[in-house]
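What follows is each chain in one-letter form.
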Amino acid sequence: MKTFIKNGQLIDPKNKINSRLNLLLEDGRVADITRDDAANADIVIDATGLIVTPGFIDIHMHEDPLNDDGTLAVSITRSMLAMGVTTALGGNCGLNVADPVTYLDNIDRYGAPVNMALLAGQGWLREKVSKADKYSTISRDEIAKEAKEAKRALDGGCMGLSYGMRYVPGLTEEEYEATATLCCRTDRLVAAHVRDDAAGIFTAGEEFISVARRLDLNTEFSHIGSMAGFGQMEEFLRYIDETRARGMNLHCDCYPYYAFSTHIGSTTYDPGFLERYNTDYSVVEMCEGKYKGQRCTEEIYNYYRKYEPNAITVCHVMRQEDVDMALAHPGVMLGSDGLINKGQGHPRASGAFPRLIAEFVKKGVLSLYDAIAKMTSMPAEKLCLPNKGHLGRGAEADVTIFNLQTIKDNATFASPMTSPDGIEYVIIGGRLALKNGKIVNETLGRAVRK
């Protein structure tokens, strides 16, 4: 099948293209970029006045669960598609919702709204081999079993390993290194939500990076805005740049919001968090349960920690100037960190990509070209996916077309699943997944494996 997209402003940072050009897709691949018309196309899209880019890639999100029958419990992946994402990387922060190899197999079996890749989460692997709680260390025998499970996941196509050091306080350097070494001398990614944030970010960052540096790993620092966004960003970016200048393959991801989100029962909210953020309970907004939509008090906090620890929260503590600084940095990619539970969560899951353009490009924080790079070529290169993230001949025919004038995020903390405006077309594998802002096919996504 041939699809011809004409008269659009084509932006492809990987190939250094930013011109009004036509794009020909054929049999799931990019066939040509040209100034000429194409004859005999099956579908013609007139993109006059629109921006044509490679499909957006979300390098940090949290995947939908599987239903009992193995099909996808579609929620966040539908939001990904609606905001122009064609490929998403789940399994971040050490977390998986199911066996990652089984998950990938089921994506290929049943399809999904977007292409899905996974990291194997160290926290998930640990729970599979040990009954120890998250605060406890595990034995060398259990570490060996964990490494064996990690190897199985990597052999099954996972893009690498993720660590939730904050969420597993019992993780030791020995356990970390025994699994991370499996990614040594390969292009597999190692990503981490480090052990501490705010004033503790420098020690926590060095804990993660020192082992990765020693093993010469392809390394990603997760959601830097919610880790160093409390007055530490400028100095922490200096530390990142120094590390990169010394030859380490190190990048960061960040989402364009000034509040983070996690479960109330997570270690992030263990006693002492108020002192760490120099704040009070009212910064915590409940997204689920008995007090949904309300700000915390000590009473509400204690109730949820005891009775509803899996309830999602939003915590309004990050500094705007720090997040803006991170997103403007050349070593930082866009990642939504999207997490949705039963339709509730943070608006970043449905708004991060259009928001970067509406709030950062239009307001002069970023150029459009640089923003597109952070959403396409940079994550594709980080994941070592040579046929994604660009529109050169032979690339996979994943394309996003949007209206720069109307694009905006509409998701809010009260309604986190609201779709954006301005995403006009999304093409996955050469076929229309979204047309005129409406999803028309949510089964085109396939597993992306190493």
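Residues numbered from 1 in each chain as written. Predicted model: local features only at pLDDT ≥ 70, side-chain atom pairs only at ≥ 80, totals over all residues. Heavy atoms only, no water.

K.L.:
Help me out: how do you make sense of the layout of surface pockets in this one?
P.N.:
Where empty space is left becomes clear once a probe the size of a water molecule has been rolled over the atoms. What the largest pocket holds in volume is close to 1100 Å³. If you go around the largest pocket, you meet 45 residues; those closest to its centre are Leu 95, Tyr 167, His 263, Asn 310 and Leu 339. Sorting the residues of the lining of the largest pocket by element identifies helix H3 (122-129), helix H7 (225-228), strand E14 (260-263) and strand E18 (340-341) as the ones contributing at least two each. Here the lining of the largest pocket is composed, by residue class, of 16 nonpolar, 18 polar and 11 charged. Size it by volume and the second largest pocket reaches roughly 160 Å³. In terms of lining, the second largest pocket is formed by Ser 75, Arg 78, Ser 79, Ala 82, Met 417, Ser 419, Pro 420, Leu 434, Gly 437, Lys 438 and Ile 439. Among the elements of the structure, helix H1 (76-82) and strand E23 (438-439) are those that each provide at least two residues to the lining of the second largest pocket. With 3 residues, H1 is the largest single contributor of residues to the lining of the second largest pocket. Its residues assigned to classes, the lining of the second largest pocket shows 5 nonpolar, 4 polar and 2 charged. (1 Å grid on protein atoms, 1.4 Å probe; cavity = no way out; pocket = protein on both sides within 12 Å on 5 of 7 lines; lining within 4 Å. Points joined across faces, edges and corners; volume = space filled by probe spheres on them. Helix = DSSP H or I, 4+ residues; strand = E, 2+ residues; numbered from the N terminus. Nonpolar A, V, L, I, M, F, W, Y, C, P; charged D, E, K, R; others polar.)

K.L.:
Can you help me understand the packing of H3 against helix H4 (residues 140-155) in this one?
P.N.:
Helix packing for two helices is described by the angle between their axes and how far apart those axes are. Across the interface, H3 lies against H4 with an axial gap of 9 Å and an inter-helix angle of 125 degrees. By the angle class used here, H3 and H4 are oblique. Remark: the crossing between H3 and H4 carries right-handed chirality. Along its contact with H3, which presents Gln 122, Leu 125, Arg 126, Lys 128 and Val 129, the element H4 presents Glu 142, Lys 145, Glu 146, Glu 149, Ala 150 and Arg 152. Along the lines of polarity and charge, the residues of the contact of H3 with H4 split into 3 nonpolar, 1 polar and 7 charged. (Axes fitted to C-alpha atoms, helices over the stretch in contact; angles between N-to-C directions. Parallel < 35°, antiparallel > 145°, perpendicular 65-115°, else oblique. Left-handed = near helix turned anticlockwise from the far one by under 90°. Contact = heavy atoms within 4.5 Å.)

K.L.:
How should the packing of aromatic side chains be read in this particular structure?
P.N.:
By convention here, two paired aromatic rings are described through the distance between centres and the angle between planes. In this structure the tally under the stated criterion is 18 aromatic pairs. Centre to centre, the rings of Phe 56 and Phe 402 are 6.2 Å apart; their planes meet at 55 degrees, and the pair counts as tilted. Taken as a pair, Phe 56 in strand E6 (residues 56-58) and Phe 402 in strand E20 (residues 399-402) lie far apart in primary sequence, 346 residues in all. Judged by its relative accessible area of 0%, Phe 56 falls in the buried class. (Phe/Tyr/Trp six-rings, centres within 6.5 Å; stacked < 30°, edge-to-face > 60°. Buried < 20%, exposed > 50% of the residue type's maximum accessible area, 1.4 Å probe, protein only.)

K.L.:
Honestly, the pairing of strand E5 (residues 51-54) in this entry has me stumped. Any pointers?
P.N.:
In summary, the side chains of a regular strand alternate between the two faces of the sheet. Where strand E1 (residues 2-12) lies against E5, 2 bridges are found, and the strand directions are parallel. When the sheet's bridge partners are listed, Gln 9 is paired in E5 with Ile 51. Taken together, the 4 bridges between E5 and E20 define a ladder with antiparallel strand orientation. Counterpart to Val 52 in the pairing with E20 is Ile 401. (Pairing = 2+ DSSP bridges.)

K.L.:
Teacher, can you tell me more about the nonpolar core here?
P.N.:
A general feature of soluble globular proteins is that nonpolar side chains tend to end up buried together. Residues Tyr 163, Tyr 176, Phe 208, Phe 221, Ile 224, Val 284 and Phe 402 are the most contacted members of the largest nonpolar core, which totals 109 residues. Not counting residues up to four positions away in its chain, the partners in contact with Phe 208 are Met 165, Tyr 176, Val 190, Ala 191, Ala 192, Val 194, Thr 219, Glu 220 and Phe 221. (Core = buried A, V, L, I, M, F, W, Y, C linked by side-chain atoms within 4.5 Å.)

Geometric values such as these leave the question of function open.
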